[in-house]
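# Notes for the structure review
Now for the letters of each chain:
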Number of protein chains: 2
Amino acid sequence: MGPGPSDVHPRILEAMSRPTIGHLDPLFIEMMEQTKSMLQYAFQTENPLTMPVSAPGSAGMETCFANLVEPGDKVIVCQNGVFGGRMKENVERCGGTPLMIEDEWGRAVDPQKLEDALKANPDAKIVAFVHAETSTGAQSDAAELVALAHQHDCLTIVDAVTSLGGTPVKVDEWDIDAIYSGTQKCLSCTPGLSPISFNKRALEKVRNRQSTVQSWFLDLNLVMGYWGSGTKRAYHHTAPINALYGLHEALRILEAEGLENAWARHRRMHNALKAGLEAMGLSFVVDEAHRLPQLNAVTIPEGVDDAAVRNRLLNEFNLEIGAGLGALAGKVWRIGLMGHAARAENVLLCVSALEAVLNERGAPINSGVALSAVQKVLAAR
Amino acid sequence: MGPGPSDVHPRILEAMSRPTIGHLDPLFIEMMEQTKSMLQYAFQTENPLTMPVSAPGSAGMETCFANLVEPGDKVIVCQNGVFGGRMKENVERCGGTPLMIEDEWGRAVDPQKLEDALKANPDAKIVAFVHAETSTGAQSDAAELVALAHQHDCLTIVDAVTSLGGTPVKVDEWDIDAIYSGTQKCLSCTPGLSPISFNKRALEKVRNRQSTVQSWFLDLNLVMGYWGSGTKRAYHHTAPINALYGLHEALRILEAEGLENAWARHRRMHNALKAGLEAMGLSFVVDEAHRLPQLNAVTIPEGVDDAAVRNRLLNEFNLEIGAGLGALAGKVWRIGLMGHAARAENVLLCVSALEAVLNERGAPINSGVALSAVQKVLAAR
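Keep in mind that this is a model prediction, so the values were computed, not measured. (Residues numbered from 1 in each chain as written. Chains lettered and ligands numbered in written order. Predicted model: local features only at pLDDT ≥ 70, side-chain atom pairs only at ≥ 80, totals over all residues. Heavy atoms only, no water.)

### Considerations on the overall build of chain A
Helix and strand content of chain A: 14 helices and 12 strands. Relative to the globule expectation of 21 Å for 381 residues, the C-alpha radius of gyration of chain A, 21 Å, shows essentially globular dimensions. Taking the principal axes of its C-alpha atoms as reference, chain A extends roughly 65 × 55 × 35 Å. Going through the 381 residues of chain A one by one, you find that 64% of them count as buried. Intrachain contacts of chain A at a sequence separation of at least 6 include 72% that bridge at least 24 residues. Surface exposure of chain A reaches about 13200 Å², of which carbon and sulfur atoms provide 48%. (Helix = DSSP H or I, 4+ residues; strand = E, 2+ residues; numbered from the N terminus. Rg over C-alpha atoms; globule rule 2.2 N^0.38 Å. Buried < 20%, exposed > 50% of the residue type's maximum accessible area, 1.4 Å probe, protein only. Contact = heavy atoms within 4.5 Å. Areas by Shrake-Rupley, 256 points an atom, 1.4 Å probe, with all protein chains shown as cover.)

Structure (structure tokens):
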């Protein structure tokens, strides 16, 4: 129950161990087509360029920036946590000029600040932001931010690593140009792949670049020769076959449950966890309106040893929760309810184990009330 | 029995399906240490910077070039197949100037040509070449090429994707500066990871770069914060946990067999396969002295339909062999004997299935003699 990798569904683990076939085997190519189509469903898009990058989420981020940013491009990056900072690094390494719009960690990106920046920088080409900040658990209003960017003729790059599959992500309805995610969060899959989707506008920019994409491995002009359509595929790199078996199975599970049901399950489990933690007296970092159900950042009570509590949870109860990152290191715990981890038994375990460990360490919490608060939410269905 | 992904050992497939734990879990960090140490054995090196890149071999190649080539650097690339061409692309995309030394496809790199180029270009900074060309099955003399490069103060980047685990690769003895490989060839593991090793000289160059590494994901200055030594690891990207379980198991299998024994097994199976194919009347692309045991490129007999034969082998006998790449497309088949695939039953299946299919299509081969030729080699042990 950390910030990911989340619990992997047993069906996905089983899929990972199936015999490896060739990356150009007709059966595998059929599986690639199914994977793309199920990813379109997950992203709620009809973008033909919807596929998994053969490396973790950070490489998905780099795929978006390396393909869309050209040397000299001004890119507005909205930062409200660790991953906005990583976006800045990406812009710089692509030869672009990042223009940072900062919001406090734990808050949503402020649309007003973005609008001001867009007005002040009519030469900006791209707006980038994190939809769901894994470092804080804050969710920003992607639809509104994208609409603002488009009013000022900017393309958009959106980080949906933690949101995809857990909370609504509607690529077509929100008109997102380029988006990336990860497999190890709400898709319940193993880490190692990064689903991306590019719309027509973004693809046009890739195709009409003045300069070559600086990464050979991530150049979509080449990758599309392998992941594109048709039965004839050109070898680009050797696809991570077994990891793709896992993603395929994860998407089948998502499709069977239904996206809306998956979102509702994450919300319900979050409400139960929240009831328990708040009954104990713990407080959330992010205000309720912008809180992600799947990533719960709670403030560590005064005087409590961060690492000691996490180690005890891991060693005694086989339960991992996440540490704070960056500005929040040592100040918060991040409790994930992602994908297959978002289950009632996990909420119970987490609340009861945390209560036990905090009591052991004499932390000032309310004891004996959390579990009934959890049960009340779960019974209300 | 294609050019990779090769047959994956069942123990490795089983390892892939073990429960996913966190990328900062102390148990996982212990496993990372073991993996690094077993990779040092596989590469025959004591380089502390020996680790798997979290993406396929092409990303391992890019890791070497992106970290070692700075804008303006002149890089001598020895090309004798597809992958030398990919090296050229990498140099260009890093802002370097590639200087191509060409050898015919199927031949080893000619040391004389390299020496001439080094003399003519005293400002060259790096020499790059492919130790084992997967597109042709030709092996070059890495020790000699590296020695020449060092005489002229050049660093070396060596592609060992197809050689590692199948044929001698001696990083320290040959004094290779930077090397990359893949997991899906002679390590018998699933595709998706790229083991690399950098010596002190190469690491110094990375640390003293004038410019930032253009890839955030592959920047070793950052990656080493996670893969470096000590028990305290900084999060960089989320490691592909289950793929790393697979590699760990693959390296345990290699260690148990012993590198020398693995090399000998590849050689023996190659001799058996060669006896069978030659008895049938097929001929090899590469001359005997430079032939890789694990990658057998044979000329397609006159008038035989390349794709039809490969499809029939796949659909009737569940046997994949590889097509030709680049200049050799349609002209050769590439038969892999890599890692767990290098077994007597596979040699028998390949020779007998190929004989059956070629006979069906009326190809001009010698019938009824191949199997006894194979058996003679196998019995000679």
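### Let's talk about the packing of aromatic side chains
Residue and element names in this part refer to chain A. In this structure the tally under the stated criterion is four aromatic pairs over all chains. Judged by centre distance (6.1 Å) and plane angle (75°), the ring pair of Y226 and W227 falls under edge-to-face. We note that Y226, like W227, is buried. (Phe/Tyr/Trp six-rings, centres within 6.5 Å; stacked < 30°, edge-to-face > 60°.)

### Topic: the pairing of strand β9 (residues 194-198) of chain B
Both faces of the sheet carry side chains from a regular strand, because those side chains alternate between them. Residues and elements named next belong to chain B. When you tally the buried positions in β9, you get five out of five residues, the bulk of the element. Both faces of β9 are covered, namely the face carrying S194, I196 and F198 and the face carrying P195 and S197. In the sheet, strand β1 (residues 49-53) pairs with β9 via five bridges, with the strands oriented antiparallel. From the neighbouring strand, P52 faces β9, where its bridge partner is P195. Note: strand β8 (residues 178-180) against β9, three bridges, orientation antiparallel. Counted as the bridge partner of Y180 is I196 from β9. (Pairing = 2+ DSSP bridges.)

### Brief notes about the relation of the copies chain A and chain B
Once chain A is rotated about the relating axis by 180° and shifted along it by 0.0 Å, it coincides with chain B to within an RMSD of 0.0 Å. Viewed as a symmetry operation, the transformation between the two copies matches a two-fold axis. A high fraction, 100%, of the interface residues of chain A reappear at the interface in chain B, so the copies pair face to face through one surface. (Least-squares fit on C-alpha atoms with pLDDT ≥ 70 in both.)

### Side note on the packing of helix α13 (residues 344-360) of chain B against helix α14 (residues 370-379) of chain B
Residues and elements named next belong to chain B. Two elements in contact, α13 and α14, have axes whose closest approach is 10 Å; the angle formed by their N-to-C orientations is 165°. Between α13 and α14, the angle is such that the two are roughly antiparallel. Our pair here, α13 against α14, has a crossing hand that is right-handed. Each of A344, V347, L348, V351, S352 and E355 in α13 lies in contact with α14, whose residues at this interface are A370, L371, V374 and L378. (Axes fitted to C-alpha atoms, helices over the stretch in contact; angles between N-to-C directions. Parallel < 35°, antiparallel > 145°, perpendicular 65-115°, else oblique. Left-handed = near helix turned anticlockwise from the far one by under 90°.)

### Notes on helix α3 (residues 57-68) of chain A
Residues and elements named next belong to chain A. Helix length check: α3 (12 residues) gives 17 Å between terminal C-alpha atoms against 16 Å at 1.5 Å per residue, within 8%. With 12 of 12 residues buried, α3 lies mostly within the body of the structure. Within α3, the full set of buried residues consists of G57, S58, A59, G60, M61, E62, T63, C64, F65, A66, N67 and L68. (Expected span 1.5 Å × (residues − 1).)

### Some thoughts on the UniProt feature "modified residue: N6-(pyridoxal phosphate)lysine" (unreviewed entry) in chain A
UniProt's entry tags A:K185 with the feature "modified residue: N6-(pyridoxal phosphate)lysine" (unreviewed entry), counted in the numbering of this structure. Mapped onto the elements, A:K185 comes out in the loop between β8 (178-180) and β9 (194-198). (UniProt positions renumbered as here; feature names shortened; annotations may be inferred.)

### What to know about the packing of helix α2 (residues 26-43) of chain A against helix α10 (residues 241-257) of chain A
The description of two packed helices rests on the angle between their axes and on the distance between the axes. All names here are of chain A. Relative to each other, α2 and α10 sit at 45°, their axes nearing to 9 Å. Classified by the angle between their axes, α2 and α10 sit oblique to one another. Our pair here, α2 against α10, has a crossing hand that is left-handed. Contact with α2, carried on its side by F28, M31, Q34, T35, M38, L39, Y41 and A42, involves I241, L244, Y245, L247, H248, L251, R252, L254 and E255 of α10 and no other residues of that element.

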